Structure formats: structure tokens, C-alpha cells
Amino acid sequence: MKTLSNDKKGLIVVISGPSGVGKGTIIQRLKQIVDNCVFSVSATTRSPRPGEVNGKDYFFISKEDFEENIRNQKMLEYTMYNGNYYGTPEASAREAAAQGNIVLLDIEVEGAGNVKKIIPESVSIFIMPPSKSALEQRLIGRGTETVDQIRGRLNIANREMDLSENYDYIVTNDSIDRAAQEIRRIILKEQARLNRPY
Ligand code: 5GP
């Protein structure tokens, strides 16, 4: 006999927010506090940062391979961000959701809009920094980008924050624990709505 949790429908949850806002840390926390929660590993042509692991943080692939994936329609969505391709491999994300998992997609605003069009029952959440200066300080403190790259990311961040109202939910990352708990409640509510028998 199947257990109740196996009968539950999976959910695709798109998480966006400006570079440096703490999405990665919040996603790690969500994997700990939400049952059956998995991360959809994107493909990218950017170089790995120190500590990033191929197949866990991203699939780091060449531009040629990425473009071949696009031609072969392997991507649910993709975009060019700050000079590099980023995209969601379609089969793994859909399969994980079909198996009843909460599938977290860490993607930027254009990709988020595309996922919502393709999968209307997905849930989109935008993570806001407590302030613009807090974001700038975090990006500088992270020390993984050059000054020019930080400038590029802050320009994109301003445009992204302007588009946050297109999301189903906006959550401020004033504390990792509080933001993760708020997202957990959103996920449980949306999952319950999806699993209503009527
Ligand atoms: P980073 O280089 O900081 O890891 O990511 C840069 C931006 O690309 C972030 O806003 C992140 O959410 C976004 N991103 C990561 N993976 C994907 C993806 O598969 N598709 C899209 N559209 N954006 C992605």
C-alpha cells in the first residue's frame, strides 16, 4: 500500500532574488526543514567558484554543449545572464516533481516568468534583501567577483527587484531562519491547495 506522502503531488517552486541575497543558503536550509525537498541542478557556462561542485551546485558545461542542449530541447527554460548561459534541465525537474517532491529552482526573473507560463501550477517566490546597501556589502564581502562583475550584478539586481511584484510571494531575507520558515509555510500551504480532493 502506498503511504500518504507518496500520494502527494509534487510542486515546482521557483526561487529568485538578486545575486548575493542568500538564496543558496536559504535553499540549503529548506532542504533540511521541508520533507521531500530537492534542488534542481541547473546547467551553466560560467566557471565554478571555489568550493562549487559539478553536478551538485551546477552542471558546468561548455557553450557548445549548452547550445546543443538548447537545439535538442533539453532545457525547460534558459537565459543569458551577465555573459553566461544558465538553464534548467527539463527531464530531471519534471521527473522529481512527478515523484511527489518539492523541486526548488534557483533561477533569475526571465526564467521564472517562463517557468510560470509553461507550468502555471508552479509557485514563484522572490527573495528581497533587507536593503540595497546590505546587498552591496554582501557581494563585496563574498569576494568571489571582480569589481566590474559586482557592478554588473548590482545593475541586474535593481532591474530584478523592480520585477518582484510579478511573483506569487515576496520574502525578505532579514534572517536566514525566519525567511526559510516563511517559505516553508508557503510551500505547505500551496502543497495542501494542490492536494485538495475538490
Ligand atoms: P550565479 O552565477 O550567482 O550562481 O547565478 C546567477 C543568476 O543565475 C542567479 O540569479 C540565479 O538565480 C540564476 N540562475 C541559476 N540557474 C539558472 C537557470 O537554470 N535558469 C535561469 N533562468 N537562471 C538561473
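Use the structure listed above.
The structure displayed is predicted, hence computed values, not measured ones.

K.L.:
Lay out unusual backbone geometry in plain terms, naming residues and giving numbers.
P.N.:
Backbone geometry places N36, a non-glycine residue, at a positive phi of 50°. Here N36 shows up in the loop between α2 (23-33) and β2 (37-39). In this model, Q73 sits at a positive phi of 55°, which is unusual for a non-glycine residue. Its location among the elements puts Q73 in the loop between α3 (63-71) and β5 (75-81). Judged by relative accessible area, which is 68%, Q73 ranks as exposed.

K.L.:
Break down the sheet that holds β2 for me, with residues and values.
P.N.:
Judged by pairing direction, the sheet is parallel, and its five strands sit side by side in the order β2-β7-β1-β8-β9 without closing on themselves. Two strands in the sheet have a free side with no partner beyond their single neighbour: β2 and β9 (169-172). With direction set aside, neighbouring strand axes in the sheet form an average angle of 25°. Taken together, the three bridges between β2 and strand β7 (residues 102-106) define a ladder with parallel strand orientation. Across the sheet, residue C37 finds its bridge partner in β7, namely I102.

K.L.:
Give me the side chain of T88: which residues, what numbers.
P.N.:
Tracing the backbone shows T88 in strand β6 (residues 84-89). The exposure class assigned to T88 is buried, which follows from its relative accessible area of 0%. Apart from the residues within four sequence positions on either side, T88 is in contact with S40, S42, K74, M75, L76, E77, A93, L105 and I107.

K.L.:
Give a detailed account of the packing of aromatic side chains, specifying residues and quantitative values.
P.N.:
Counting across every chain of the model gives seven aromatic pairs. Ring geometry for Y81 against Y86: centres 5.7 Å apart, planes inclined by 85°, an arrangement best described as edge-to-face. Neither Y81 nor Y86 differs from the other in exposure class; each is buried. One aromatic cluster is present, built from ring pairs that chain together Y58, F60, Y81 and Y86.

K.L.:
Please give an account of the pairing of strand β1 (residues 11-16) that cites residues and values.
P.N.:
Summarising burial for β1: six of the six residues are buried, a large majority. The two faces of β1 match: L11, V13 and I15 on one face and I12, V14 and S16 on the other face are all buried. Examined bridge by bridge, β1 and β7 share five bridges and lie parallel to one another. Paired with I12 across the strands is V103, a residue of β7. Pairing between β1 and strand β8 (residues 123-128): four bridges, direction parallel.

Definitions and cut-offs
Residues numbered from 1 in each chain as written. Predicted model: local features only at pLDDT ≥ 70, side-chain atom pairs only at ≥ 80, totals over all residues. Heavy atoms only, no water. Helix = DSSP H or I, 4+ residues; strand = E, 2+ residues; numbered from the N terminus. Buried < 20%, exposed > 50% of the residue type's maximum accessible area, 1.4 Å probe, protein only. Pairing = 2+ DSSP bridges. Axes fitted to C-alpha atoms, helices over the stretch in contact; angles between N-to-C directions. Contact = heavy atoms within 4.5 Å. Phe/Tyr/Trp six-rings, centres within 6.5 Å; stacked < 30°, edge-to-face > 60°.

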